[in-house]
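Secondary and tertiary structure notes
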Amino acid sequence: MKAFVLFDHDGVLVDTEAWYYRAGERALADVGVALDKDRYLRDMAQGLGTWTQARAAGVDEPTIDRLRAARDAYYQGYLRTEAIEIEGVTEVLADLSKHVRMAIVTTAKRADFDLIHEHRSIRSFMEFVLVRDDYERSKPHPEPYLTGLRRFGATKEAALVVEDSARGLQSAVAAGIDCAVVHNDFTKDQDFAQARHRIATLAELRDLVLAD
């Protein structure tokens, strides 16, 4: 049985991945650049993002800085107004909290994370949360999950990572931690060959964790 579970956040505990993409798409559309979703997902798997396509289209850095601010504002607008709940998450976390210690390791900015959880109970089940400001090198580098292990004082063997993206899976694998990938329509076509487990929903996680 695993004693520690490290959850990714976006796409695992809240349904925000598509809205982050749409916010970037909307920001680039303001300067006449179309954000290609397939390329965006390939870039994200390598730890890159929206601005790779912007630079390839010839957008200069001062403009990208302005667009980044616009993207962030659009995204927070979506977080305030769109349905981002994933059914059953709170119930699964409440059940798991009786058996394992849990934390969130996310690439989300602190401001976005705090906005998402203003009126949600997910954080209450977590021993700690690591956001993008809490480590130097982002996923797919192993640092985020290794930082989580150190915070727990846990061994790799005692931990399980729950992810929905290829870059998150790569981060877990590079850290030497078993990873369960939960289905997410937005990232479903990425390469998850290295995952220890594949699950359709978080509801499958309890039996997996307790039986592992």
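Structural data are supplied above this passage.
Since the model is a prediction, treat every value here as computed from it, not as a measurement. (Residues numbered from 1 in each chain as written. Predicted model: local features only at pLDDT ≥ 70, side-chain atom pairs only at ≥ 80, totals over all residues. Heavy atoms only, no water.)

Remarks on the overall build of the chain
Where we set the bar: Every helix listed is a DSSP run of H or I at least four residues long, and every strand listed is a run of E at least two residues long, numbered separately from the N terminus. Only the C-alpha atoms count toward the radius of gyration. The rule for a globule is 2.2 Å times the residue count to the power 0.38. Summary of the burial criterion: residues with accessible area below 20% of their type's maximum are buried, those above 50% are exposed, and those between are partly exposed, where the area comes from a 1.4 Å probe applied to protein chains only. Residue contacts are defined here by distance: any two heavy atoms, one from each residue, within 4.5 Å place the two residues in contact. All accessibility values rest on the Shrake-Rupley procedure with a 1.4 Å probe; residue burial counts only the protein chains present in the view. When charges are counted, Lys and Arg contribute as positive and Asp and Glu as negative, whereas His and the chain ends are disregarded. For the purpose of locating charges, the reference atoms are NZ of Lys, CZ of Arg, CG of Asp and CD of Glu.
Of regular secondary structure, the chain possesses 9 helices and 6 strands. The C-alpha radius of gyration of the chain comes to 17 Å, within 12% of the 17 Å expected for a compact globule of 212 residues. Taken along the three principal axes of its C-alpha coordinates, the chain extends 50 × 35 × 30 Å. A total of 212 residues make up the chain; the buried ones form 50% of that total. The contacts of the chain with a sequence gap of at least 6 include a subset with a gap of at least 24, amounting to 65%. Surface summary for the chain: the accessible area is close to 9,900 Å², and the carbon and sulfur share equals 46%. For the chain, the distance from the average position of its 28 positive side-chain charges to the average position of its 36 negative side-chain charges is 3 Å.

So, the environment of I84
Looking at the element boundaries, I84 is found in the loop between α4 (61-81) and α5 (89-96). Taking the C-alpha atoms as reference points, I84 and A56, separated by 28 residues in sequence, lie 31 Å from one another.

Comments concerning the sheet that holds strand β3 (residues 128-130)
To be explicit about the condition: By this definition, two strands are paired if DSSP reports at least two bridges between them. Fitting a line to C-alpha atoms yields each axis, with helices limited to the stretch in contact; the angle taken between N-to-C directions then spans 0 to 180 degrees.
Read across the open sheet, the 6 strands follow the order β3-β2-β1-β4-β5-β6; overall the sheet is parallel. Unpaired on one side and paired on the other, β3 and β6 (197-199) mark the two borders of the sheet. Strand-to-strand twist across the sheet, computed as the mean angle between neighbouring axes with direction ignored, equals 25°. One ladder, built from 3 bridges, connects strand β2 (residues 101-105) with β3; its direction is parallel. Looking at β3, one finds that A103 is bridged to F128.

So, the packing of aromatic side chains
Rule in force here: A pair of aromatic rings is counted whenever rings of Phe, Tyr or Trp (Trp by its six-membered ring) have centres within 6.5 Å, and the orientation is called stacked for planes under 30 degrees apart, edge-to-face for over 60 and tilted otherwise.
In total, this model carries 7 aromatic pairs according to the counting rule given. Their ring planes at 50° and their centres at 4.9 Å tell us that F4 and F152 sit as a pair that is tilted. Taken together, the residues F4 in strand β1 (residues 4-7) and F152 in helix α7 (residues 143-152) connect sequence positions 148 residues apart. The class of F152 is buried, set by a relative accessible area of 5%. Between Y20 and Y75, the aromatic rings sit 4.9 Å apart at their centres with planes inclined by 85°, giving edge-to-face as the arrangement.

Focus on the layout of surface pockets
Condition: The rule is simple: put a 1 Å grid over the protein atoms alone, call a set of points where a 1.4 Å probe fits but cannot get out a cavity, call an open set with protein on both sides within 12 Å along at least five of seven lines a pocket, and count a residue as lining if it has an atom within 4 Å of a point. Grid points are joined across faces, edges and corners, and a volume is the space filled by probe spheres set on the points. Residues are sorted three ways: Asp, Glu, Lys and Arg are charged, Ala, Val, Leu, Ile, Met, Phe, Trp, Tyr, Cys and Pro are nonpolar, and all the rest, Gly among them, are polar.
In this structure, the largest pocket encloses a volume near 780 Å³. Every element with two or more residues in the lining of the largest pocket is listed here: α1 (17-29), α2 (37-45), α3 (50-56), α4 and α8 (166-174). When the residues that make up the lining of the largest pocket are grouped by side-chain class, the tally is 11 nonpolar, 12 polar and 13 charged. In this structure, the second largest pocket encloses a volume near 220 Å³. Contributing to the lining of the second largest pocket are 15 residues, with I86, E87, A200, T201 and L202 lying nearest its centre.

Considering the environment of T50
Its place among the elements puts T50 in helix α3. Judged by its relative accessible area of 2%, T50 falls in the buried class. Aside from chain neighbours lying at most four places away, what touches T50 is G24, L28, L35, Y40 and R71.

Side note on the pattern of salt bridges
How we decide: Just to be clear on terms, a salt bridge is a Lys or Arg side-chain nitrogen sitting within 4 Å of an Asp or Glu carboxyl oxygen.
Applying the stated criterion to the full structure yields 17 salt bridges. Here R206 ties to D95 by a salt bridge, and the two come within 2.7 Å at their closest N and O atoms. Placement of R206 in helix α9 (residues 205-211) and of D95 in helix α5 is noted, with a sequence separation of 111 residues between them. With a relative accessible area of 28%, R206 lands in the partly exposed category. Between R123 and D114 there is a salt bridge whose closest N-O contact spans 3.2 Å. R123 gets classed as partly exposed once you look at its relative accessible area, which sits at 34%. Overall, D114 belongs to the partly exposed group, its relative accessible area being 34%.

By themselves, these figures tell us nothing about what the structure is for.
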